[in-house]
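# Understanding the architecture of this molecule
Residues per chain, in single letters:
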Amino acid sequence: MSHKDKGRIGRHLLLGGAFIVSAQIVLQTYTFFMLSEFKGGLINARLLLWQGIKTWPVAGALLWYLVIHLTLIGGICVLSLLAAHFLKSRFRLKESLAALMMLSLLMLYAALIIINSYHFPGSVVRLDLLAGWSESGFTLPYYIAWLIVLIVLAAALLEVLDGVRKWWLTRSPRSRSVWFLLLLVLAAFTLIIHLWSGATRLKGSGGPLERPNIILIGLDSVRHDVIKDDRLRGEFLPNLDTFLEQERTAWFKNAYTPIGRTYAAWYALLSGKEPKRTGVRYNLQQVSAVQKKSTIVGGLRDAGYRTIYASDEKRFSSIDESYGFDQIIGPPAGAAEWVLSFLEDTPVHNFVRDTPLAKWLFPQSYGNRASYSVYKPEHFVNLLRSVIASHDHSQPLFLSVHLCISHWPYSWSTSTGGPNNSNTLDYFNTLRPMDAQFGEIMQILEQTGLTDNSLIVTFTDHGEGLVTQSLPEDHPSRKDLHLLLPEAMDFSWGHGTDLLTMAQNQILVSALYREPKNVVTIGSDQRLTSLIDIAPTIARVAGLETFESDGFDLFLHENQLPENRLIFMETGFDPGSLTQPDL
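Before going into details, it helps to say that this report is about the structure given with it. (Residues numbered from 1 in each chain as written. Predicted model: local features only at pLDDT ≥ 70, side-chain atom pairs only at ≥ 80, totals over all residues. Heavy atoms only, no water.)

## Focus on the overall build of the protein
Tallying secondary structure elements over the protein gives 21 helices and eight strands in all. Relative to its 583 residues, the protein shows a buried fraction of 50%. For the protein, the computed accessible surface area is about 28000 Å², with 62% contributed by carbon and sulfur atoms. (Helix = DSSP H or I, 4+ residues; strand = E, 2+ residues; numbered from the N terminus. Buried < 20%, exposed > 50% of the residue type's maximum accessible area, 1.4 Å probe, protein only. Areas by Shrake-Rupley, 256 points an atom, 1.4 Å probe, with all protein chains shown as cover.)

## What about the sheet that holds strand 3 (residues 306-311)?
The eight strands lie next to each other as 4-3-5-1-6-7-2-8, forming an open sheet whose pairing is mixed. Looking at strand neighbours, the two that pair on one side only are strand 4 (327-329) and strand 8 (524-530), the edges of this open sheet. This sheet shows a mean twist of 20 degrees between the axes of neighbouring strands, independent of strand direction. Note that strand 2 (residues 249-256) and strand 8 share five bridges and pair parallel. Considered in strand 8, the bridge of Tyr256 is made with Ser530. Contacting strand 3, strand 4 and strand 5 (397-403), helix 17 (residues 377-389) crosses the sheet at an angle of about 175 degrees to strand 5. Running over the sheet, helix 21 (residues 534-542) touches strand 1 (213-219), strand 5, strand 6 (454-459), strand 7 (506-514) and strand 8 and is turned about 175 degrees from strand 6. (Pairing = 2+ DSSP bridges. Axes fitted to C-alpha atoms, helices over the stretch in contact; angles between N-to-C directions. Contact = heavy atoms within 4.5 Å.)

## Here's the deal with the environment of Pro476
Inspection of the secondary structure assignment puts Pro476 in helix 19 (residues 476-484). Classification of Pro476 as partly exposed rests on a relative accessible area of 24%. Sequence-wise, Pro476 and Ser422 are 54 residues apart; in three dimensions their C-alpha atoms are separated by 5.2 Å.

## Describing the packing of helix 18 (residues 423-447) against helix 19
Remark: helix 18 packs on helix 19, axes separated minimally by 6 Å, with the N-to-C direction vectors making an angle of 50 degrees. Here helix 18 lies oblique to helix 19, going by the angle between them. For the pair formed by helix 18 and helix 19, the contact residues are Asn423, Thr424, Leu425 and Phe428 on the first element and Ser477, Asp480, Leu481 and Leu484 on the second. Among the residues making up the contact of helix 18 with helix 19, the classes are represented as four nonpolar, three polar and one charged. (Parallel < 35°, antiparallel > 145°, perpendicular 65-115°, else oblique. Nonpolar A, V, L, I, M, F, W, Y, C, P; charged D, E, K, R; others polar.)

## Side note on the pattern of salt bridges
Under the definition given, this model contains 17 salt bridges. A salt bridge links Asp326 to Arg301; the shortest N-O distance between them is 3.3 Å. Placement of the pair is Asp326 in the loop between strand 3 and strand 4 and Arg301 in helix 13 (residues 296-302), with a sequence separation of 25 residues. What makes Arg301 partly exposed here is its relative accessible area of 37%. The salt bridge involving Lys376 is made with Asp354; its shortest N-O contact spans 2.7 Å. One end of the pair, Lys376, is in the loop between helix 16 (358-361) and helix 17; the other, Asp354, is in the loop between helix 15 (347-351) and helix 16, with 22 residues separating them in the sequence. Among the residues examined, Lys376 registers a relative accessible area of 7% and is labelled buried. Salt bridges sharing partners connect three or more residues here, namely Asp230, Arg233, Asp241 and Glu245. (Salt bridge = Lys/Arg side-chain N within 4 Å of Asp/Glu carboxyl O.)

## A few points about the nonpolar core
Membership of the largest hydrophobic core comes to 82 residues, with the highest contact counts inside it found for Leu237, Leu399 and Phe428. The element best represented in this core is helix 4 (residues 97-119), accounting for 11 residues. In contact with Leu399, other than residues within four places in its own chain, are Ile214, Ile215, Leu216, Ile308, Leu384, Ile388 and Leu445. The next biggest cluster of nonpolar side chains, apart from the first, holds 41 residues, and it includes Ile319, Phe325, Val457 and Phe459. (Core = buried A, V, L, I, M, F, W, Y, C linked by side-chain atoms within 4.5 Å.)

## So, the packing of helix 17 against helix 18
Between helix 17 and helix 18, the shortest axis-to-axis distance is 10 Å and the interhelical angle comes to 15 degrees. With respect to their mutual orientation, helix 17 and helix 18 come out roughly parallel. Every pair of crossing elements has a handedness; the one defined by helix 17 and helix 18 is right-handed. Taken together, the residues of helix 18 that come into contact with helix 17 (itself represented by Pro377, Phe380, Val381, Leu384, Arg385 and Ile388) are Pro433, Gln437, Glu440, Ile441, Ile444 and Leu445. Partitioning the contact of helix 17 with helix 18 into residue classes produces nine nonpolar, one polar and two charged. (Left-handed = near helix turned anticlockwise from the far one by under 90°.)

Written out as structure tokens, the structure is:
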């Protein structure tokens, strides 16, 4: 190839790259302003990005984003160029290579936008018309788009194979032998890595553990009345219903959260103390190192447990290693995640989002519930699966998991929103994918043998109010709520906003204790309980000698609990009127 030809190809690639970059700038600008609108005053995304660039974590994440972004764009341009060259040489087309490349590039990019609208109907850069067609079952544009992608890929592949063939014919017999041997070694190495990474330890070895595995599974914003309503059994939460119906599961049906805020509720659970004693009442609240070390996590680690915390949302409950956890699973917390997780929502990114490389290519948005437009529930389970499968069964495990898909805005990558703008139906639609996550996690734990000797606690951090008093009686959200839950009495929306809406404050607390020597069987329990009772229960089961708590062991006999027990509940707000001197 002459220098003139190389220069012409280089210009073609730059031209195609400029086209894609221009289109992406338009999409990213739209996404960026959508991000600012979505925050609704909570944060100014543009200011956050500008301030964040001055710090290395954000600057480094942004640099990685740009590298991956430009690499993907470059890959599309190269594919278009190869396809154009193949078509021109094979069919002797008179059009210039640049024109054929731009046509191929335009068709390929349009196809990616169409595929994105079908695969990610919740994407910020979707085409609403196509998303609507996807929901109605009209898939002709989707298959046409895939046909275009496959034609471009096939043409590019044939061009590459033709080039390889010509190159191979110019090699000497000795050179061919060396290259063939290198390819065999590479193939064998790839196969070994694949088999090793895909291996799953099905059962532990080394005899029974002295201390049981302890597994916490938190379900964000799940209403207690949805769980206990027999009419809805098996409809929205079939896997959770199966867990609660097991003979050895203790279901505490009169349980309440001390405070309806995710981080504050989790801290109350891990510390076993009321918010009035710890002062922890708000999401993202700064707590001292002493407070972090006073939770049950540190005691379990000192007792030999491997401690893991996994959550698909870190924006409002940024629990990390400083709380005593050996490992954190899920998206990273910080300013970079706030901004880049939304900027990664593009047709080019989303096309490779389901590939095995996605969790390394897109660390800010992969398995990230906060990036709801591209969030796929199975991605977070995949992150958890690899860690659980590699656990050393000679060491007891303390695994804490929190699932957030049922939290507002009740949306994920494949959701399209309920009819008639019904907030209630949107909420109920999130329960099924969350329950599927719960079922998969339980299956993984069963397959790896981690449930053989274990305490499994399933709980909700708080409930969720779905309507307000000011909402008209004929509003779709109120009508749907009364249809699904006729006895529901919601006075305010959300959680942590009032104590009168029991749907916000009454929660699920259930425990399944499997211990080879002594199987605990309790069943339904009506005793008044709280999230702060979980930590002292863990301390007793794990054999911790000392652990100070405001709660009680859930497995204590009824006559061992104090009579007329009182529990404290708080909202997440401090109304300004109550602090005025002239009440």
